[in-house]
Amino acid sequence: MPLTIRTARAGDIPTLITLNNRCFPAMAEENVVWSEAQLTNHQRIFPEGQLVAEVDGAIVGGIASLIVNLGDDPYRQHTYAGITDGGYFHNHDPSGDTLYGADVYVDPDCRGKGVGAALYAARRELCARLNLRRILAGGRIHGYADHAAAMRPEEYVAAVESGRLRDLVLSFQLREGFVVRGLLRNYIADPASKNYATLIEWLNPDYTPVESGARKVRVASVQYQVRRVASFDDFADQVEYFVDTAHDYRADFLVFPEFFSVQLLSQTHLRGLPAKDGIAKLAELEGEFLDLMRRMATEYGIHIVAGSHPMHRGGALQNVCPIIMPDGTWVAQPKLHITPAEVRYWGITGGDELPVIDTPKARVGVLICYDSEFPEAARHLADNGAEILFVPYCTDDRPAFMRVDACARARAIENQVYVVTSGIIGNLPSVPAMDIHYGRAAVYTPSDFEFARDGIQAAADPNVEMLLVTDLDITDLYRSRQSGSVRPRLDRRPDLFSFRSTLNGLPEPLPDGEPMKLPKGDR
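Residues numbered from 1 in each chain as written. Predicted model: local features only at pLDDT ≥ 70, side-chain atom pairs only at ≥ 80, totals over all residues. Heavy atoms only, no water.

> Please provide a residue-by-residue account of the pattern of salt bridges, values included.
Within this structure, the stated rule accounts for 33 salt bridges. Residue glutamate 176 pairs with arginine 124 through a salt bridge whose shortest N-O separation is 3.0 Å. Of this pair, glutamate 176 sits in the loop between helix H7 (170-175) and strand S6 (179-184) while arginine 124 sits in helix H5 (residues 115-129), and the two are 52 residues apart along the sequence. Arginine 124 matches glutamate 176 in its accessibility class, with the two residues each being buried. In the salt-bridge network here, residues are joined through shared partners; they are Asp97, Arg133, Arg134, Arg181 and Glu201. (Salt bridge = Lys/Arg side-chain N within 4 Å of Asp/Glu carboxyl O. Helix = DSSP H or I, 4+ residues; strand = E, 2+ residues; numbered from the N terminus. Buried < 20%, exposed > 50% of the residue type's maximum accessible area, 1.4 Å probe, protein only.)

> How would you summarise the packing of helix H12 (residues 375-383) against helix H13 (residues 398-415) if you had to cite specific residues and measurements?
Each pair of packed helices can be summarised by the angle the axes make with each other and by the distance between the axes. With their axes 10 Å apart at the nearest point, H12 and H13 run at an angle of 40° to one another. Relative to H13, the element H12 lies oblique. Handedness of the crossing formed by H12 with H13: right-handed. Contacts from Pro375, Ala378, Arg379 and Ala382 of H12 reach H13 at Arg411, Glu414 and Asn415. Within the contact of H12 with H13, the residues separate by chemical class into 3 nonpolar, 1 polar and 3 charged. (Axes fitted to C-alpha atoms, helices over the stretch in contact; angles between N-to-C directions. Parallel < 35°, antiparallel > 145°, perpendicular 65-115°, else oblique. Left-handed = near helix turned anticlockwise from the far one by under 90°. Contact = heavy atoms within 4.5 Å. Nonpolar A, V, L, I, M, F, W, Y, C, P; charged D, E, K, R; others polar.)

> If you had to explain the nonpolar core to someone new, which residues and values would you point to?
Judged by nonpolar contacts, the single largest core of 51 residues is most densely connected at Ile388 and Phe390. Take this core: its biggest share by element is 5 residues, from strand S16 (residues 388-393). Apart from residues no more than four positions distant in its own chain, phenylalanine 390 is found in contact with Val219, Phe253, Val255, Val305, Val364, Gly365, Val366, Leu367 and Val420. Membership of the second largest hydrophobic core comes to 50 residues, among which are Ile304, Met311, Ile324 and Met434. (Core = buried A, V, L, I, M, F, W, Y, C linked by side-chain atoms within 4.5 Å.)

> If you had to explain the sheet that holds strand S7 (residues 197-203) to someone new, which residues and values would you point to?
Taken in spatial order, the 7 strands line up as S1-S2-S3-S4-S5-S7-S6 in an open sheet, and their pairing is mixed. In the strand order of this sheet, the two ends are held by strand S1 (3-7) and S6, each with one partner. Averaged over neighbouring strand pairs, the angle between their axes works out to 25° when direction is ignored. With 7 bridges joining them, strand S5 (residues 134-140) and S7 adopt antiparallel strand pairing. The residue of S7 that forms the bridge with isoleucine 135 is tryptophan 202. Contacting S1, strand S2 (50-55), strand S3 (58-68), strand S4 (98-106), S5 and S7, H5 runs over the sheet at an angle of about 165° to S4. (Pairing = 2+ DSSP bridges.)

> Account for the environment of valine 417, naming residues and giving values.
Position of valine 417 among the secondary structure elements: in the loop between H13 and strand S17 (418-426). Considering only alpha carbons, one finds valine 417 and aspartate 146, 271 residues apart in sequence, at a separation of 45 Å. Among all residues touching valine 417, those that are not within four sequence positions of it are Ala382, Ala386, Glu387, Leu389, Arg411, Ala412, Tyr444, Thr445, Pro446, Leu477 and Arg481.

> Report on the environment of histidine 269, specifying residues and quantitative values.
With respect to the helices, strands and loops of the structure, histidine 269 is situated in the loop between strand S9 (253-256) and helix H9 (275-283). Given the relative accessible area of 60%, histidine 269 is considered exposed.

> Break down the layout of surface pockets for me, with residues and values.
The calculated volume of the largest pocket comes to roughly 1,300 Å³. Lining the largest pocket are 39 residues, and of these Ala81, Gly86, Gly87, Pro494 and Asp495 sit closest to its centre. If you tally residues by element for the lining of the largest pocket, the top one is helix H4 (residues 80-83), at 3 residues. Each pocket or cavity is described by its volume, and for the second largest pocket that value is around 900 Å³. If you go around the second largest pocket, you meet 42 residues; those closest to its centre are Phe24, Val104, Tyr105, Arg140 and Val169. Only helix H1 (13-23), helix H2 (25-29), S4, H5, S5 and H7 provide two or more residues apiece to the lining of the second largest pocket. It is S4 that contributes the most residues to the lining of the second largest pocket, 6 residues altogether. (1 Å grid on protein atoms, 1.4 Å probe; cavity = no way out; pocket = protein on both sides within 12 Å on 5 of 7 lines; lining within 4 Å. Points joined across faces, edges and corners; volume = space filled by probe spheres on them.)

Take a look at the structure:
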């Protein structure tokens, strides 16, 4: 029969879900077969690793893979949920040296016809083409349940290796050139294997070690002092000074604090307006504010996390952070959790979108001030691949600042991501609800050997206007996630705790400078 192997496409997902359930009916009962959200993520994160086998145009098999970095102990114990990050592949590490085989499945009607062998050959070819050191996989010992009363799992594996017993999965894998490196306990919920799996390996004979360079990102955070301005041009001059300086320091990202544009309400003709009238006037300046930020992002070639500005969206007033790319495209990130003061003074409403933004430098997300105090929001971003979280904030006193600051540090440790904060300092006595401020810009890391002491990459002096600049090593994040002293992402217990969000999905950039569209969907 004519057999072809190709990269999986979005339109294949319903067929792959049906096929996966058909191939593993017992595991479907355990709810450990693929979902639409998982397969969509696989294709987004690592499309090359997702393959299908076709016969006469019909899909008869599939393969799912990701790249991991297992550090100094590639044969250590792990679970399926841990190594695949709950089946979503968010821990895929392009800088890793190991192709991990998450799944191979073949239509039961086509077994014994070379489909599985063709898929395994395609995975070996992928490993060689990407110059990866090895393929590792957890192989279910499919027939062990029938022998569990008479022998231990180690004895069963040895019997299959010697040829005294035949196992539907392991015997095939041994014929395909894999060797057994160990036994994985409680690997996956599978009655046929009593939850055991073999750790199997295929070493790439053509692997050439390469000197892997660190992936560095330079971030700049503005500790911004609000003061009276006479005009929009005065405000623009103060803002452009920091953009120009960040450009001189070759920063990739520049972060402004929440509500720093409220400084515009100190102009003589707007000074002293009641709070809701003032915020309404400020919202009318959305176009001028965005034009300024887009001009500077494109002229200086820098990603600008533009603090926040009040914007009308769907008949409601929201507190929105524009994230502007060097080509002028931008993502509108609304604040999700609204403080009592924002509701009372300004009538602001929370948004419902929390995208991860893919940039050439890093995958980033934004939590505006109060949002950082909710672990679920940061977990959602990290689970969708964020490497850096930006936290623009506006706090009036030290206790408020400490809440945001302490939570930012916690989010960095919990999710093994970098967190960059930017706050307002100074006074605006003529603007209601913006009269005093306390802030200190800082950059936080996970707390482990790869990073700075105490998990503090850099921190400004409190309440002094300045620009904080530092370099972040993205490679260190992945090294820490895979082989750190503790591995919060890898060691999570999805069998005990689960997380689900109903937020909108990931952005698709538009070339014309319009805000990126956010397709509906949930995780």
